[in-house]
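Examination of the molecular architecture
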Amino acid sequence: TSRRIENQVEFCLDKPFEFLVAKTGSSMIGIHTMWNEHFGISIVEMMAAGLIVVAHESGGPKTDIIGGTSHPVGYLATTVEEYAETMATAFRLYNSQFSREMIHNAREKVEEFSDDCFNSAFKKIFKLMILPTYFSAHQSIFKKAPKKIN
């Protein structure tokens, strides 16, 4: 069999969810090319599935998901050449300790986007920002002495 890259790459566009779930189980690398993606849930899903992710160095992938982490969780690229170089590196290092650590780090990073983390952060922000504003705006309601019931 040929080891050329074009024989090892498959582009899966507009496929049903079940197809994508099955594909991620047998894939090595996931590529996300959208410029200035506001978040990138598909990137998080690929990371959770254990794929090495190469995403565009902009928007949410850069600021919230892959970029700015203390441990590598994926790769960022901008130009066609950077994508090609990064993918070549990812393929070359795929079975290395570095890649195993990256996959592990990525799966830990995914936890930051779980429902539990969202709910916990939302409640914390609500308590810190919303409740004090509400109580100070409605002080008169809370300062009234309760009526005595005979």
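Before any of the text, the structure's been laid out above.
Let me begin by describing the structure that accompanies this report.

Cut-offs applied
Residues numbered from 1 in each chain as written. Predicted model: local features only at pLDDT ≥ 70, side-chain atom pairs only at ≥ 80, totals over all residues. Heavy atoms only, no water. Pairing = 2+ DSSP bridges. Helix = DSSP H or I, 4+ residues; strand = E, 2+ residues; numbered from the N terminus. Axes fitted to C-alpha atoms, helices over the stretch in contact; angles between N-to-C directions. Contact = heavy atoms within 4.5 Å. Patch = residues over 30% accessible without salt bridge, like charges linked within 9 Å, V, L, I, M, F, W, Y side chains within 5 Å. Areas by Shrake-Rupley, 256 points an atom, 1.4 Å probe, with all protein chains shown as cover. Salt bridge = Lys/Arg side-chain N within 4 Å of Asp/Glu carboxyl O. Lys, Arg positive; Asp, Glu negative; His and termini not counted. Charge placed at Lys NZ, Arg CZ, Asp CG, Glu CD. 1 Å grid on protein atoms, 1.4 Å probe; cavity = no way out; pocket = protein on both sides within 12 Å on 5 of 7 lines; lining within 4 Å. Points joined across faces, edges and corners; volume = space filled by probe spheres on them. Nonpolar A, V, L, I, M, F, W, Y, C, P; charged D, E, K, R; others polar. Buried < 20%, exposed > 50% of the residue type's maximum accessible area, 1.4 Å probe, protein only.

A word on the sheet that holds strand β3 (residues 75-77)
Pairing is parallel across the open sheet formed by three strands, whose spatial order is β1-β2-β3. Both edges of this open sheet fall to β1 (29-32) and β3, since each of them pairs with a single strand only. Shown here is a sheet whose adjacent strand axes are inclined to one another by a mean of 20°, direction ignored. The pairing of β1 with strand β2 (residues 52-56) spans four bridges and is parallel. Counted as the bridge partner of Gly30 is Val53 from β2. Seen against the sheet, helix α2 (residues 41-48) touches β1 and β2 and runs at an angle of roughly 175° to β1.

Re a nonpolar patch on the surface
A cluster of nonpolar residues, Phe118, Phe122, Ile125, Phe126, Leu128, Met129 and Ile130, forms a patch on the protein surface that exposes about 750 Å² of accessible area. Mapped onto the elements of the fold, Leu128 is located in helix α6 (residues 115-137).

Concerning a negative patch on the surface
Taken together, the side chains of Glu57, Glu81, Glu82 and Glu85 present a region of like negative charge at the surface. Inspection of the secondary structure puts Glu85 in helix α4 (residues 80-92).

Notes on the layout of surface pockets
Space inside the largest pocket adds up to approximately 1200 Å³. Along its surface, the largest pocket is lined by 33 residues, and Glu10, Ile29, Gly30, Ile31 and Met46 are the ones closest to its centre. Where the lining of the largest pocket is concerned, the elements lending two or more residues are α1 (17-24), β1, α2 and α4. Counted by class, the lining of the largest pocket contains 19 nonpolar, eight polar and six charged residues.

Considering the pattern of salt bridges
Under the counting rule described, the total for this entry stands at two salt bridges. With a shortest N-O distance of 2.9 Å, Glu10 and Lys23 are connected by a salt bridge. Separated by 13 residues along the polypeptide, Glu10 in the segment before α1 and Lys23 in helix α1 bring together distant segments of the chain. According to the relative accessible area criterion, Lys23 is partly exposed, its value standing at 26%. Its salt-bridge partner being Lys109, residue Glu112 comes within 3.0 Å of it at the nearest N-O pair.

In short, shape yes, function no, at least from these values alone.
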